[in-house]
Amino acid sequence: MADARPLDPAKFRNPALTAGGEKRATVAIERLDTLWINTGTLCNLACRTCYIESSPTNDALVYLRLAEAEAYFDEAGAHGTRTIGFTGGEPFMNREMVPMMGAALARGFDLLVLTNAMRPMRRFESALLEMARAHGERVVMRVSLDDWRQSPHEAERGAETWEKALDGLVWLARAGFRVAVAGRRAGSEAEARTGYGQLFDRLGIEVDHLVLFPTMDASADVPEITDACWDILRVSPEAMMCASSRMVVKAKGAERPHVVACTLLPYDPGFAMGETLGEAMRPVALNHPHCARFCVLGGARCTG
């Protein structure tokens, strides 16, 4: 989106009103279906357009520990949460990742784990094989493939990442996990789904679901979302991610983790909602370009 018009600096400044003075749309949380755990921003890769800027050196969000995660699992259980999602960074950079998965499974949650399926994950093959045998149907391992072709994928993620990602994806499928893939919308959605489908056929694997995300660029102009937009766009606020999910993060230097409204906005203080899930069960003002581009206009959800 290098040729896109730059974002109007008057937009997304007032949580209550748009730049045009209209009432900004808000989303009430209807239920806490999914609790996301950000395990830390460190990653073995430094992808070109990573929305969270994960890399081998970015520790702006530090590793969450097992005891910290367990406290949120217990609170989530009281809210009727069904799924624990793990994201990063690369979650398997955190050495307590497998114990956190086990603790969530022991409490009856289903899991959604986002991973690049490369070397950090493969360090835990023995433990993951055991988990797959016991709980494979309750764990979706979602692997990031930015395209169904090697060249565009490696343009984003770096040289020699394609074959390693495919090898990890196949390993997960054969281990007995449910596998999903997260890609990007390049060209038409129909073309992308056809291309990914042909790739999965060549690999000989069954993929639970394919999620195609819109391009995210917070510096490009996008309309603000007003209360009137729900009817105009025929979109329901209940379909937004922040109507059914929250994410736990731990900022570098902080004594305790805190809860944010959205997986896409871990750094923005306007979306920090307190240290407990109880404090976080309040409406969210759609006061960021990602709210408009990714969720309302893009129709995307991190849970697929």
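Whatever comes next refers back to the structure up there.
Thresholds applied
All residue numbers refer to position in the chain's written sequence, counted from 1. Local features are withheld for residues below a pLDDT of 70 in this predicted model, meaning they are given only at 70 or higher, and side-chain atom pairs are given and counted only at 80 or more; totals for whole chains, interfaces and linings count all residues. Water and hydrogen atoms were dropped before computing side-chain values, which therefore reflect all heavy atoms in the structure. Secondary structure elements are taken from DSSP: a helix is a run of H or I of four residues or more, a strand is a run of E of two residues or more, and numbering for both begins at the N terminus. For this analysis, residues touch if any pair of their heavy atoms sits within 4.5 Å. Note on terminology: pairs of cysteine sulfur atoms within 2.5 Å are recorded as disulfides. Stacked, tilted and edge-to-face pairs are distinguished by plane angle, under 30 degrees for stacked and over 60 for edge-to-face with tilted covering the rest, among Phe, Tyr and Trp rings (Trp via its six-membered ring) whose centres lie within 6.5 Å. Only protein chains enter the accessibility calculation, which uses a 1.4 Å probe; a residue is then buried when its area is under 20% of its type maximum, exposed when over 50%, and partly exposed in between. Patch membership needs two things, relative accessible area over 30% and no salt bridge, and members are linked within 9 Å if like-charged or within 5 Å if nonpolar (Val, Leu, Ile, Met, Phe, Trp, Tyr). All accessible areas in this document rest on Shrake-Rupley with a 1.4 Å probe, and a residue is counted as covered only by the protein chains that are shown. Between Lys or Arg on one side and Asp or Glu on the other, a salt bridge is scored when a side-chain nitrogen of the former is within 4 Å of a carboxyl oxygen of the latter. Paired strands, as defined in this entry, are two strands with at least two bridges between them according to DSSP. Angles run from 0 to 180 degrees between N-to-C directions of axes, and those axes are lines fitted to C-alpha atoms, restricted for helices to the stretch in contact. Here a polar contact is taken to be a pair of N or O atoms separated by no more than 3.5 Å, where protein atoms must pair a possible hydrogen donor with a possible acceptor and residues adjacent in sequence count only if both atoms sit in side chains.

Assignment of secondary structure puts Cys291 in helix α10 (residues 289–296). Through-space distance from the C-alpha of Cys291 to that of Leu265 is 9.4 Å; in sequence the pair is 26 residues apart. Ignoring sequence-local partners within four residues, the contact set of Cys291 consists of Leu265, Phe271, Leu286 and Val296.

This part takes up the side chain of Ser244. Among the structural elements, Ser244 can be located in the loop between α8 (229–233) and β8 (245–249). In contact with Ser244, other than residues within four places in its own chain, are Ile29, Arg31, Leu32, Asp33, Thr34 and Arg301.

This structure, assessed with the given rule, holds zero disulfides. Free of any disulfide, Cys47 has its nearest neighbouring cysteine sulfur in Cys43, separated by 6.0 Å. In this structure Cys295 is not part of a disulfide, and its nearest cysteine sulfur, from Cys262, lies 5.4 Å away.

Right, let's talk about the packing of aromatic side chains for a bit. For the structure shown, the criterion picks out six aromatic pairs. Ring geometry for Phe73 against Phe109: centres 6.2 Å apart, planes inclined by 55 degrees, an arrangement best described as tilted. In this pair, Phe73 sits in helix α1 (residues 66–78) while Phe109 sits in the loop between α2 (97–106) and β4 (110–115), placing the two residues 36 residues apart along the sequence. Overall, Phe73 belongs to the buried group, its relative accessible area being 1%.

All right, on to a nonpolar patch on the surface then. Among the surface-exposed residues, Ile232, Leu233 and Leu297 lie close enough to one another that they form a single nonpolar patch of about 280 Å² accessible area. Checked against the element boundaries, Ile232 lands in helix α8.

This part takes up the pattern of salt bridges. Applying the stated rule across the entire model yields 23 salt bridges. In this structure, the salt-bridge partner of Glu70 is Arg107, at a minimum N-O distance of 3.6 Å. Residue Glu70 is located in helix α1, and its partner Arg107 is located in the loop between α2 and β4; the two are separated by 37 residues in the primary sequence. The exposure class assigned to Glu70 is partly exposed, which follows from its relative accessible area of 24%. When the shortest N-O distance is used, the salt bridge between Asp208 and Arg178 registers 3.1 Å. With a gap of 30 residues between them, Asp208 in the loop between α7 (189–203) and β7 (210–213) and Arg178 in strand β6 (residues 178–184) connect regions that are remote in the sequence. For Asp208, a relative accessible area of 37% puts it in the partly exposed group.

All right, on to the sheet that holds β7 then. Taken in spatial order, the eight strands make up an open sheet running β7-β6-β5-β4-β3-β2-β8-β9, and their pairing is mixed. If you trace the sheet from one side to the other, it starts and ends with β7 and β9 (258–260), each paired once. Sheet twist, expressed as the mean angle between neighbouring strand axes with direction ignored, is 25 degrees. Of the pairings in the sheet, the one linking β4 to strand β5 (residues 139–144) comprises five bridges and is parallel in character. Bridge pairing in β5 links Thr115 to Val143. Across the sheet, α1 lies against β2 (34–38), β3 (83–87), β8 and β9, angled at about 170 degrees from β2, the strand it touches most.

Looking at the element boundaries, His288 is found in the loop between β10 (284–285) and α10. Here His288 falls in the buried class, since its relative accessible area comes to 14%. Among the polar contacts made by the side chain of His288, one reaches the main-chain amide nitrogen of His290 at a distance of 3.0 Å. If near-sequence neighbours (up to four positions away) are discounted, His288 is found in contact with Phe12, Ala218, Leu265, Asp268 and Phe271.

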